[in-house]
Amino acid sequence: MSSYTDDLLKLIVMSDIHLLPKGEVKRGLDTAPRFKLAIENVNELHADADLVVFAGDITDKADADAYAVFDEIRAASDLPQRVMMGNHDDRNVYLQHARDPMLDQNQFVQGYEDIKGHRIIMLDSSEPGVLRSGLCAKRLAWTAECLTEAKAQDLKIILLLHHNPSALQMPVDTYRLAEPEKLLKVLHESQADIIQILAGHCHITTAGSWGGYPCATISGNQHRVEPYLRGRTGQQNCFEAPAQYAVIMSDRINCAVHFQSYVDQSTIMDPKLFPYKIDQKFEVMD
Ligand SMILES: [Fe+2]
Ligand SMILES: [Fe+2]
C-alpha cells in the first residue's frame, strides 16, 4: 500500500543555531539547550522527514568546541543531515572535525541531494570573518552546472543558502547576500524549475519572492528581530522567542513552507475548546 511518504518530500531547515563552547552564554540566551529542544521536537513531530539541513551560523564564533557541541546534540537525530556555513562559521575550523561534510571540487561546503523528484541545492555563501559575502565565480559556476543537470532530469529545485538574497527593506539588507544579481542571473539562465528559495541569516520569518522565485526566510535558534522597516528610527526590538525551523513539504506541485516553533511563549488554548481538532482527516492525495 502506498503512503504519503512515497512521493511527498519533507525537508527540515534549521538556521542560525549560534552555538558557543560549553559553559558560555551570550546576551543571557543559552543556544545549546534550545538546539537540543529543536532536535527533540523534530524527533517527536517529524521522524518521517527525508532530510535535516542546518543552514549556517552553526556556531557564534567558530570555535572548534562549539562545533563539537553541535555534533553532540544533533547526534540525537537519526535523520540524514547536511551542514551549511554562515558568516559566523569558519569553513576551515568546521572541516577539521566535520563528519561527512559536503564538499564541492573547489573545497566549498556545498552540495545537493536528489529526493522524490526534487533537487535540494545547498550553497556556501560564507566567507569566514566577513559579515556580507556572496558567491564567487567558482561557486556560481558550480551552481549553474548543478541547475543544468537538474533541469535535464526534470527535477524541481529547492535552493538553500545562509544569506538572505532578497531585500527585506530592513537594515539587514546592508549585509544580505553580496552581489545577489549574479546568483539571480545564474538562476534565470538555467531555466530550471525553482519552486522555493529559503535562507536564514536575518533572524526573522518572511515570505515573498526574489526575481520571480518564491523566497522565504526563517528566524532560527538565537534571538529574532522585529520587522524594522525602511523609514523607522530608534531601537529595533529583539525577542528571545519564538525559536523555530522550517518544514518544507512538496509533492512537486504543492510546496508548503511551515514555520515550526520549538521555543514559543504563546499559550496553548484549552484543547477542549477544539474537540474537532483531534485525529483530523487530511486531504486525500492524488
Ligand atoms: Fe545568525
Ligand atoms: Fe548569518
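Attention in this report is confined to the structure presented alongside it.

Re the sheet that holds strand β13 (residues 255-263)
Piece 1. Across the sheet, five strands lie side by side as β3-β2-β1-β12-β13; this open sheet has mixed pairing. Two strands bound the open sheet, and with one partner strand each, they are β3 (81-84) and β13. Strand-to-strand twist in this sheet, taken as the mean axis angle between neighbours without regard to direction, amounts to 20 degrees.
Piece 2. As judged from the five bridges shared by strand β1 (residues 9-14) and strand β12 (residues 243-250), these two strands associate in the antiparallel manner. Within the sheet, the bridge partner assigned to Val13 lies in β12 and is Ala246.
Piece 3. Here helix α1 (residues 31-45) sits on the sheet in contact with β1, β2 (51-55), β12 and β13, set at roughly 130 degrees to β13.

Some points on the state of the cysteines
Piece 1. For the coordinates displayed, the defined rule picks out zero disulfides.
Piece 2. Not engaged in a disulfide, the cysteine Cys238 finds its nearest cysteine sulfur in Cys202; these two sulfurs lie 12 Å apart.
Piece 3. Among the residues examined, Cys238 registers a relative accessible area of 48% and is labelled partly exposed.

Re the side chain of Thr143
Piece 1. For Thr143, the location among the structural elements is in helix α4 (residues 137-152).
Piece 2. For Thr143, the residues in contact, after removing those within four places along its chain, are Leu123, Leu183 and Val186.

Here we look at the coordination of the iron ion (ligand 1)
Piece 1. The iron ion (ligand 1) binds to the protein through Asp16 (OD), His18 (NE2), Asp57 (OD) and His203 (NE2); the donor distances cover 2.0 to 2.3 Å.
Piece 2. Here the iron ion (ligand 1) binds four donor atoms, and the angle range of 88 to 174 degrees at the metal identifies the geometry as irregular.
Piece 3. On the primary sequence, the residues serving as donors to the iron ion (ligand 1) are separated as D-x1-H-x38-D-x145-H.
Piece 4. In this structure, the iron ion (ligand 1) is positioned 3.5 Å from the iron ion (ligand 2), and both are ligated by Asp57.

Let's talk about unusual backbone geometry
Piece 1. Cis geometry is adopted by the peptide bond preceding Pro242, which originates at Ala241 and carries an omega value of -5 degrees.
Piece 2. As for its position among the elements, Pro242 is in the loop between β11 (238-239) and β12.
Piece 3. Despite not being glycine, Ala62 shows a phi value in the positive range, around 60 degrees.
Piece 4. Within the secondary structure, Ala62 is located in the loop between β2 and α2 (64-74).
Piece 5. With a relative accessible area of 15%, Ala62 lands in the buried category.

Overview of helix α5 (residues 180-190)
Piece 1. Buried within α5 we find Pro180, Leu183, Leu184, Val186, Leu187 and Ser190. Seen along its axis, α5 keeps its buried residues to an arc of 160 degrees; they face one direction. Relative to its buried face, α5 has exposed residues pointing more than 90 degrees away, namely Lys185 and Glu189.
Piece 2. Check the buried side of α5 and you find it contacts α4, β6 (156-161), β7 (194-199), β8 (209-210) and β9 (213-217).
Piece 3. After α5 finishes, the residue Gln191 shows a positive phi value of roughly 55 degrees.

Topic: the sheet that holds strand β5 (residues 118-122)
Piece 1. Across the sheet, six strands lie side by side as β4-β5-β6-β7-β9-β8; this open sheet has mixed pairing. Edge positions in the sheet fall to β4 (111-115) and β8, since each has one partner strand and no second.
Piece 2. Where β6 meets β7, five bridges bridge the pair, whose relative direction is parallel. Its bridge partner being in β7, Leu160 is matched across the sheet by Leu198.
Piece 3. Contacts between α4 and the sheet are confined to β4, β5, β6 and β7, with β5 contributing the most and set at about 175 degrees to the helix.

Rules and cut-offs
- Residues numbered from 1 in each chain as written.
- Chains lettered and ligands numbered in written order.
- Predicted model: local features only at pLDDT ≥ 70, side-chain atom pairs only at ≥ 80, totals over all residues.
- Heavy atoms only, no water.
- Pairing = 2+ DSSP bridges.
- Helix = DSSP H or I, 4+ residues; strand = E, 2+ residues; numbered from the N terminus.
- Axes fitted to C-alpha atoms, helices over the stretch in contact; angles between N-to-C directions.
- Contact = heavy atoms within 4.5 Å.
- Disulfide = S-S within 2.5 Å.
- Buried < 20%, exposed > 50% of the residue type's maximum accessible area, 1.4 Å probe, protein only.
- Donors = N, O, S within 2.8 Å, 3.2 Å for Na, K, Ca; no water.
- Tetrahedral: all angles 85-135°; square planar, octahedral: opposite > 155°, others 65-115°.
- Arc of directions from axis to C-beta.

Honestly, it's all geometry; don't read function into it.
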